[in-house]
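# Residue-level structural notes
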Amino acid sequence: MGENRITRIGVVGGGLMGSGIAEVCARSGLDVIVSEMREDFAASSEQRIQTSLARAVKSGKVTAEESGEASSRIAVVVGLDALADRQLVIEAATENEKLKLAVFGDLDRIVTDPAAILASNTSSIPISKLAVATGRPDKVVGVHFFNPATVQKLVEIIPSLLTSAETVDSVVDFATTALGKTVVRAKDRAGFVVNALLIPYLLSAVRMFEAGHASAEDIDNGMVLGCAHPMGPLRLLDLVGLDTAKSAAESMYAEYGEPHYAPPALLSRMVEAGLLGRKSGRGFYDYTA
C-alpha cells in the first residue's frame, strides 16, 4: 500500500484475543499499543503477552532476539487516549454490544487521523451497528481473528453496507501482507461465515450432553476420532469461553430467530455459575488439577 501502509496499531482489550492480536502484530514488525480499562487488567495483559512470547521461544517459533524485539514494540496502557495517533485500531473487548458501541463512540472522538480505520474483532455482532456509533462509518470494518491468534491462520474480513472499498482493501492487505494470514470475506450478518456454522454445532453438543445421550468425553472423542476434528465441541467451548459462545449465540438468535441458535438452558446456567471453561478453571471439564 506504499506510503499508506499500516504500521501503527491499537488494540482495545488485552484479554486472550487482544493480547494474541497484539503479539501477532508486534512479531510482524508493527508498533502496537494495547489499551486496557484498569491497571490490574493492563498488568495481566502484559504478563499474558510475555508468557506467550516465552512459549514461542521455547518451541522454536521465534528466537530470543526476535521475542525481545517484539516485546519492545508493544506498550500496554490504561485508557484510550494513547491510541490517538493509530492508523488501525482493533477492538477486542468483551463480546457485549453495549460496551462495544461505547468503545467505538470514544474511538471516533479520540483517534485523530480521519483516514484511520476502526475495526472490530467481534465474532457475531453486525458491523453496521458499530459503524453508526461513529462519524466515519466508511472506515469501520470487521477484522475477526481466531483463537489463538498467534497460531490460527484465518482472518474474516467483514465490511458493512457503509464500509468503503478502500477500507476493505487496506485491511485485506494488512492481514495478508503484514501478518501473513489467509483472509475470507463475509457478508455483514450475525456470525459471519465461521460462527454461523460453528455455533449451532457447539450448541447441539451441549443439548446432547444435557439430555444425557452421551458423556462429554464420548461426544468429544466421537467428533475427534470419527470426523477428524482437532478438538471436540465441548473442549472447544471450554477454550472459547462459555460466556463468549453464549453471547455469540444470543446475537445470532436475535437476528435470525432460528431455534438452533438459541443457547441451551445448561449453557446459560453454567455461565451464571461462573463455569466459563479454561479461563475460570472449570467448564465441561475441570482444569484446576
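Residues numbered from 1 in each chain as written. Predicted model: local features only at pLDDT ≥ 70, side-chain atom pairs only at ≥ 80, totals over all residues. Heavy atoms only, no water.

### Digging into the sheet that holds strand β4 (residues 88–91)
Using the following cut-off: DSSP calls a pair of strands paired once it identifies at least 2 bridges connecting them. Under the scheme used here, helices are H or I runs from DSSP no shorter than 4 residues and strands are E runs no shorter than 2 residues, and both carry numbers assigned from the N terminus. What counts as an axis is a line fitted to C-alpha atoms, over the stretch in contact for a helix, and the angles between N-to-C directions run from 0 to 180 degrees. Working rule for contacts: check all heavy atoms of both residues, and any pair within 4.5 Å makes them a contact.
What the eight strands build is an open sheet, ordered β3-β2-β1-β4-β5-β6-β7-β8; its pairing is mixed. Since the sheet does not close on itself, it has two edges, and those belong to β3 (74–78) and β8 (182–185), each with one partner. For this sheet, the mean angle separating the axes of adjacent strands, direction not counted, is 25°. Pairing analysis gives four bridges linking strand β7 (residues 154–159) to β8, with the strands arranged parallel. Each residue of the ladder has a partner; that of E156, found in β8, is V184. Lying over the sheet, helix α4 (residues 97–110) contacts β1 (8–12), β4, β5 (117–120) and β6 (140–145), oriented at roughly 165° with respect to β5.

### Overview of a nonpolar patch on the surface
To be explicit about the condition: Excluding any residue in a salt bridge, patches collect residues exceeding 30% relative accessible area, merging like charges within 9 Å and nonpolar Val, Leu, Ile, Met, Phe, Trp and Tyr side chains within 5 Å. Areas reported here follow the Shrake-Rupley algorithm with a probe of radius 1.4 Å; residue values treat only the protein chains shown as occluding. Any carboxyl oxygen of Asp or Glu that lies within 4 Å of a side-chain nitrogen of Lys or Arg is treated as forming a salt bridge with it. A 1.4 Å probe rolled over the protein chains alone gives each residue an accessible area, and that area as a share of the maximum for its type sets the label: buried under 20%, exposed over 50%, partly exposed in between.
A cluster of nonpolar side chains, contributed by V132, L161 and L162, occupies part of the molecular surface with about 360 Å² of accessible area. Along the chain, L162 falls in the loop between β7 and α6 (165–178). In this structure L162 comes out as partly exposed when scored by relative accessible area, which is 42%.

### A look at the packing of aromatic side chains
Which entries qualify depends on this criterion: Classification of ring pairs uses Phe, Tyr and Trp, with its six-membered ring standing for Trp, and accepts pairs whose centres are within 6.5 Å; under 30 degrees between planes counts as stacked, over 60 as edge-to-face, and the remaining range as tilted. Placement of a charge over a ring requires the Lys NZ or Arg CZ to be within 6 Å of the ring centre, with the centre-to-atom vector within 35 degrees of the ring normal.
What the rule picks out here adds up to two aromatic pairs. Between Y256 and Y261, the ring centres sit 5.2 Å apart and the planes meet at 35°, which makes this aromatic pair tilted. Positioned over the ring face of Y285 is R235, at 3.7 Å from the centre of the ring.

### Points about α4
Which entries qualify depends on this criterion: An expected span of 1.5 Å times one less than the residue number is assigned to each helix. Here, the arc refers to the directions that run from the helix axis to the C-beta atoms. For this analysis, a polar contact is any N or O atom pair within 3.5 Å, provided that within protein one partner can donate a hydrogen and the other can accept it, and provided that sequence-adjacent residues contribute only side-chain to side-chain pairs.
Look at α4: 20 Å from first C-alpha to last across 14 residues, which is about the 20 Å you get at 1.5 Å a residue. Considered for burial, the residues of α4 that qualify are K100, V103, F104, L107 and I110. Buried positions in α4, seen along its axis, are confined to an arc of 130° and lie on one side of it. Every exposed residue of α4 that faces more than 90 degrees away from the buried side is listed here: K98 and R109. Two or three places before K98, at the opening of α4, N96 has a side-chain oxygen 3.1 Å from that residue's backbone nitrogen.

### Things to note about the packing of helix α7 (residues 194–210) against helix α8 (residues 216–227)
The relative placement of two packed helices comes down to the angle between their axes together with the axis-to-axis distance. Which entries qualify depends on this criterion: Working rule for handedness: look at the near helix, and if it is turned counterclockwise from the far one by less than a right angle, call the crossing left-handed; if clockwise, right-handed. Amino acid classes used here: Ala, Val, Leu, Ile, Met, Phe, Trp, Tyr, Cys and Pro are nonpolar; Asp, Glu, Lys and Arg are charged; the rest, including Gly, are polar.
Contact geometry for α7 and α8: axes closest at 9 Å, N-to-C directions at 140°. Between α7 and α8 the crossing geometry is right-handed. For the pair formed by α7 and α8, the contact residues are Y201, A205, M208 and F209 on the first element and A216, I219 and M223 on the second. Within the contact of α7 with α8, the residues separate by chemical class into seven nonpolar, no polar and no charged.

### Overview of the pattern of salt bridges
Side chains that carry opposite charge are capable of pairing whenever their charged atoms lie near each other. Tallied over the full model, the rule gives 15 salt bridges. In this structure, K246 engages E250 in a salt bridge whose closest nitrogen and oxygen atoms are separated by 2.7 Å. With K246 and E250 both in helix α10 (residues 242–256), this residue pair falls four residues apart, about one helical turn. Owing to a relative accessible area of 17%, K246 belongs among the buried residues under this scheme. Members of the salt-bridge network, linked through shared partners, are R8, D31, D85 and R86.

### Quick word on the nonpolar core
Defined as follows: As used here, the term nonpolar core means buried Ala, Val, Leu, Ile, Met, Phe, Trp, Tyr and Cys residues forming a set that is joined through side-chain atoms within 4.5 Å.
Ranked by internal contacts, the top residues of the largest apolar core, which has 35 residues, are I9, V32, F145 and F174. Here this core gets six residues from one element, more than from any other, and that element is helix α1 (residues 16–27). If near-sequence neighbours (up to four positions away) are discounted, I9 is found in contact with C25, L30, D31, V32, I33, R86, L88, I90 and F174. By size, the runner-up hydrophobic cluster in this structure holds 22 residues, among which are A190, L242, L267 and M270.

### Some remarks on the layout of surface pockets
Stated formally: Whether a set of points on the 1 Å grid over the protein atoms alone is a cavity depends on a 1.4 Å probe fitting there but being unable to get out, while an open set qualifies as a pocket with protein on both sides within 12 Å along at least five of seven lines; lining residues are those with an atom within 4 Å of a point. Grid points are joined across faces, edges and corners, and a volume is the space filled by probe spheres set on the points.
Space inside the second largest pocket adds up to approximately 430 Å³. Lining the second largest pocket are 19 residues; nearest its centre among them are E23, S52, R55, P148 and T150. Looking at the lining of the second largest pocket, the elements with two or more residues in it are α1 and α2 (39–58). Among the elements that line the lining of the second largest pocket, the one with the most residues is α2, at six residues. Counted by class, the lining of the second largest pocket contains seven nonpolar, seven polar and five charged residues.

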